[in-house]
Amino acid sequence: MKDTLITAQRKRTELITAGVCFLLAVLLNIGSIAYYKTPFYEVFTQIGYTLVIAAAFYVFWTACRLLVWCCRKALKK
Amino acid sequence: MNEENNMTRKDFLASLGSIALGGTSLSLFPWLTACSPEKQKQSAGEKARLGIIGTGSRGRFHMANLLLDPSAQIVALCDDYLPHLDEASALCPEAKRYTDYRKLLEDKEVDGVIICTPLSMHARMTIDALAAGKHTFCEKAMAHSTEELDAMYRAWKEGNRVLMVGQQRLYDPKYIKAMELVHGGAIGQVVGIRNYWYRNNDWRREVPSPQEERRINWRLYNATSRGLMTELACHQLQNGSWAMGGIQPQFVTGTGSIMYWKDGREVFDNVAAIYQYPNGVHMTFESIISNKHFGMGEQILGSEGTIDLVRGVMYSEAGYRRSGIRQLLGQIEQGILSNSAFAGTSWATEEASQDKGIRFVDNVTVNDGASSVGASGDGSAELIHAFCLSVITGVQPEKIVEEAYWSTLLALLGDQATREGGRIEIPQIILA
């Protein structure tokens, strides 16, 4: 088994991706608070839902990127 | 236990002051004026000299409360079943013993009597006690038949002695507070009243010899009892009259059977009755004594809220709201499901409200309803204390006999409906 190298660029990209996903989830929570007229403190109390949604976004985006990467690789052959 | 009871009574008496301040509240509980702080001051240091007629489990339950009450003195005991009389004498050795209640009624030292005998004896003993000039407390239900009920009411009305009936909810602080909320509009318009009482026991007492069966297990036989309707429903049906502001139902429909405890008993082991009020509201009562999962429940349903009388909790119809993000996810989920080809959303189960409610009385004692005798904190101690005050002052608590009359009448007619399996019209009697 060979060593795997994760580049600083890759780490930065993944961290930015996760951050954007979390931000989108927070915005979604704020949007639903405004839409359903529920208390603003739900931004904090519903953090569990926000994290789960952020993770779902991240998984979805990663799946999309993998698909694009696979397509590109296939076209190059 | 003693301290707990005293605290309950102290809290209750303290609450009387605040209730007495509000005229509207007082009109809902007119019987409380007879034990107002003024009346208590008036009777301070005096004792009601009482005779207990019927020293079975309920009689001794009252004795236990009376022995803690500084305004009570038990001077006489009466029972024709000696084991019970001996047990009562052990609690109160200085009290005189009688085996014939008429002899006790002749005793000049007795100011008032507490009747805790089988239902079929209530009317005769109460009428005799009032005629003998004794203030009288009779256990609920008032009577075994509507004829007896009317005779008791007339005997009291024509005399000048106090009559009280063992409807302890009328003195239970959580019921009083609940009725204040109902009549104050806290739950909007009353749209339904639900009562149920589930147990899982055969309702039998141990019998020393077969000859004593009908005397000890009097609740199980038609000649002495009206079964679940008079023994259990009678308490809960009173809630309906109270919540509906004294309006009485017009009809009762019922059904019942002996389906589990087929042991020679004559009264039903499960009943269901529906009472209909003139404005269309229904009050239900259901009892099964072969399943206790749901225990005891008394609920007043309003257009804007619900009151759970047993637990002292009020729920709002708007009540529990899910968070914004959960509502959003729920809507997305519903959108996906409603577009599915196999079914619409109509199949989805309608869940009960998740509202946790507001407790409107502190230190509520929740009873599961399993005891046939009584439970701590159910209003019995307060009721019996109020009777002692009335014996001392001679003041009849207002409307309390009328409340008892109606709850007994509804129970008796409910029993008739369960036996006949049909709808019975309830006479709109005006008690004058």
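What counts and how
- Residues numbered from 1 in each chain as written.
- Chains lettered and ligands numbered in written order.
- Predicted model: local features only at pLDDT ≥ 70, side-chain atom pairs only at ≥ 80, totals over all residues.
- Helix = DSSP H or I, 4+ residues; strand = E, 2+ residues; numbered from the N terminus.
- Rg over C-alpha atoms; globule rule 2.2 N^0.38 Å.
- Buried ≥ 20, exposed ≤ 12 C-beta atoms within 10 Å, placed from the backbone.
- Contact = placed C-beta atoms within 7 Å.
- Nonpolar A, V, L, I, M, F, W, Y, C, P; charged D, E, K, R; others polar.
- Pairing = 2+ DSSP bridges.
- Axes fitted to C-alpha atoms, helices over the stretch in contact; angles between N-to-C directions.
- Parallel < 35°, antiparallel > 145°, perpendicular 65-115°, else oblique.
- Left-handed = near helix turned anticlockwise from the far one by under 90°.
- Core = buried A, V, L, I, M, F, W, Y, C linked by C-beta atoms within 7 Å.
- Domains from an automatic or database assignment.

Attention now goes to the overall build of chain A. A count of helical and extended segments in chain A gives three helices and zero strands. Counting helices and strands in the order they occur from the N terminus, chain A gives α-α-α. Here the C-alpha radius of gyration of chain A, 17 Å, is well above what a compact globule of 77 residues would show, namely 11 Å. Projected onto its principal axes, the C-alpha positions of chain A cover 55 × 25 × 20 Å. Taken across its 77 residues, chain A has 14% of its residues classed as buried.

Glancing now at the overall build of chain B. When helices and strands are tallied, chain B shows 14 helices and 15 strands. Buried residues in chain B amount to 44% of all 432 residues. Here the analysis covers contacts within chain B between residues at least 6 apart in sequence; of these, 73% occur between residues at least 24 apart.

Here the focus is the interface of chain B and chain A. Every contact between the two is made by seven residues of chain B and, on the other side, nine residues of chain A. Here the residues of the side of chain B that touches chain A sort into two nonpolar, three polar and two charged.

All names here are of chain B. Read from one edge to the other, the open sheet built from nine strands follows the order β14-β13-β12-β11-β7-β10-β9-β8-β15, with strand pairing classed as mixed. The sheet is open, and its two edges are formed by β14 (358–359) and β15 (423–425), each paired on a single side. Bridge count for strand β9 (residues 270–276) against strand β10 (residues 282–288) is seven bridges, and the pairing is antiparallel. Looking across to β10, one finds that A273 is bridged to F285. Across the sheet, helix α9 (residues 173–183) touches β7 (190–198), β11 (296–302), β12 (305–308) and β13 (313–316), and the angle it forms with β12 is around 165°. Of the strands in this sheet, β8 (251–257), β9, β10 and β15 touch helix α14 (residues 400–420), which is tilted by about 55° from β8.

Another aspect to go through is the sheet that holds strand β3 (residues 96–98) of chain B. All names here are of chain B. One open sheet holds the six strands; their spatial order is β3-β2-β1-β4-β5-β6, and the pairing between them is parallel. Pairing within the sheet leaves two strands with one partner each, and these edge strands are β3 and β6 (163–165). Strand-to-strand, the axes of this sheet are offset by a mean angle of 25°, without reference to chain direction. As paired elements, strand β1 (residues 48–53) and strand β4 (residues 112–115) share four bridges and run parallel to each other. The partner of I53 across the bridge, within β4, is I115.

Now for the packing of helix α4 (residues 57–68) of chain B against helix α5 (residues 82–91) of chain B. Residue and element names in this part refer to chain B. In the contact formed by α4 and α5, the axes pass within 11 Å of each other and the chain directions differ by 10°. By the angle class used here, α4 and α5 are roughly parallel. Of the residues in α5, those touching α4 at G59, R60, M63 and L67 are E87, A88 and L91. Within the contact of α4 with α5, the residues separate by chemical class into four nonpolar, one polar and two charged.

It is worth spelling out α9(B) at this point. Think of an α-helix as turning once every 3.6 residues; residues three or four places apart then point the same way. Buried residues of α9(B): B:P173, B:K174, B:Y175, B:I176, B:A178, B:M179 and B:V182, and no others. Directly after α9(B), the chain includes B:G185, whose backbone phi takes a positive value near 85°.

What follows deals with the packing of α4(B) against helix α13 (residues 380–393) of chain B. The description of two packed helices rests on the angle between their axes and on the distance between the axes. Residues and elements named next belong to chain B. Between α4 and α13, the least distance of the axes is 10 Å, while the angle of their chain directions is 65°. The orientation of α4 relative to α13 falls into the category roughly perpendicular. As α4 runs across α13, the sense of the crossing is right-handed. Every residue of α13 that contacts α4 at H62, N65 and L66 is listed here: S380, A381 and I384. Of the residues belonging to the contact of α4 with α13, the class tally is three nonpolar, three polar and no charged.

Formed by 110 residues in total, the largest nonpolar core has its most connected members in B:L50, B:I52, B:I53, B:I115, B:M142 and B:I300. Ranked by residues supplied to this core, first place goes to α14(B) with eleven residues. Taken domain by domain, this core gets at least three of its residues from each of domain 1 (2–170 + 373–398) and domain 2 (188–321 + 351–372 + 409–425) of chain B. In terms of nonpolar packing, the next biggest core, distinct from the first, is built from seven residues, A:C21, A:A25, B:I325 and B:L328 among them.

As far as function goes, none of this settles anything; it's purely spatial.
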